[in-house]
Amino acid sequence: RDLHLCDRRQRQMCIRDRSPIIRIGSTIKVVQLNEADEVIGSEKLLTVAQHGDTIIRKTLGITSPLGKVILGKSSGIFEIVCNGKRKFKVEKVLDV
């Protein structure tokens, strides 16, 4: 019986990990794009969190301009206006 419960929980976790929706706990890859959709700078691997700290904790807060736009969405290209227009390619990697 315990083995059956473990298998079921593991299956549920796998199904949850495959969800395309970005939410708190999701790990995402973020790159900034120029007007021609070419990559600017380096790729960042971040975890979506209640509060962000991209430098030390490698987290993107849901109250940040990008966090507000991507939460509840799928991977894609997002434009935000924050000190001028910026474009980011965001790809969901997995959920915790």
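(A) Main features of the side chain of threonine 59. Residue position: threonine 59 is located in strand 3 (residues 59–61). Looking at threonine 59, its side chain comes within polar contact range of the main-chain oxygen of histidine 51, at 3.4 Å. Looking at threonine 59, its side chain comes within polar contact range of the main-chain nitrogen of aspartate 53, at 2.9 Å. Beyond its immediate chain neighbours, meaning those up to four positions away, threonine 59 contacts Leu46, Thr47, Ala49, His51, Gly52, Asp53 and Thr54.

(B) Representation of the nonpolar core within the structure. Among the nonpolar cores identified, the biggest contains 13 residues, and Ile28, Val30, Leu66, Ile70 and Val90 are the most heavily contacted of them. At the level of secondary structure, the elements contributing two or more residues to this core comprise strand 1 (26–33), strand 2 (39–49), helix 2 (65–70), strand 4 (76–81) and strand 5 (85–95). Those residues within four positions of isoleucine 70 in sequence are excluded, and the remaining contacts are Ile22, Ile28, Val48, Leu60, Phe78 and Val90.

Rules and cut-offs
- Along each chain, residues carry numbers from 1 onward, in the same order as the chain's sequence is written.
- Thresholds applied to this predicted model are a pLDDT of at least 70 for local features of residues and 80 or more for the giving and counting of side-chain atom pairs; totals over whole chains, interfaces and linings are not thresholded and use all residues.
- Hydrogens and waters are ignored; side-chain quantities use all the structure's heavy atoms.
- Each helix is a run of DSSP H or I of at least 4 residues and each strand a run of E of at least 2, with the numbering of both proceeding from the N terminus.
- Any pair of N or O atoms that falls within 3.5 Å is considered a polar contact. Within protein, one atom must be able to donate a hydrogen and the other to accept it, and sequence-neighbouring residues count only if both atoms are side-chain atoms.
- Note on contacts: a residue pair is in contact if any heavy atoms of the two residues lie within 4.5 Å.
- Nine residue types can take part in a nonpolar core, namely buried Ala, Val, Leu, Ile, Met, Phe, Trp, Tyr and Cys, and a core is a set of them joined through side-chain atoms within 4.5 Å.
- Each residue gets one of three labels from its accessible area relative to the maximum for its type: buried under 20%, exposed over 50%, partly exposed in between, using a 1.4 Å probe on protein chains only.

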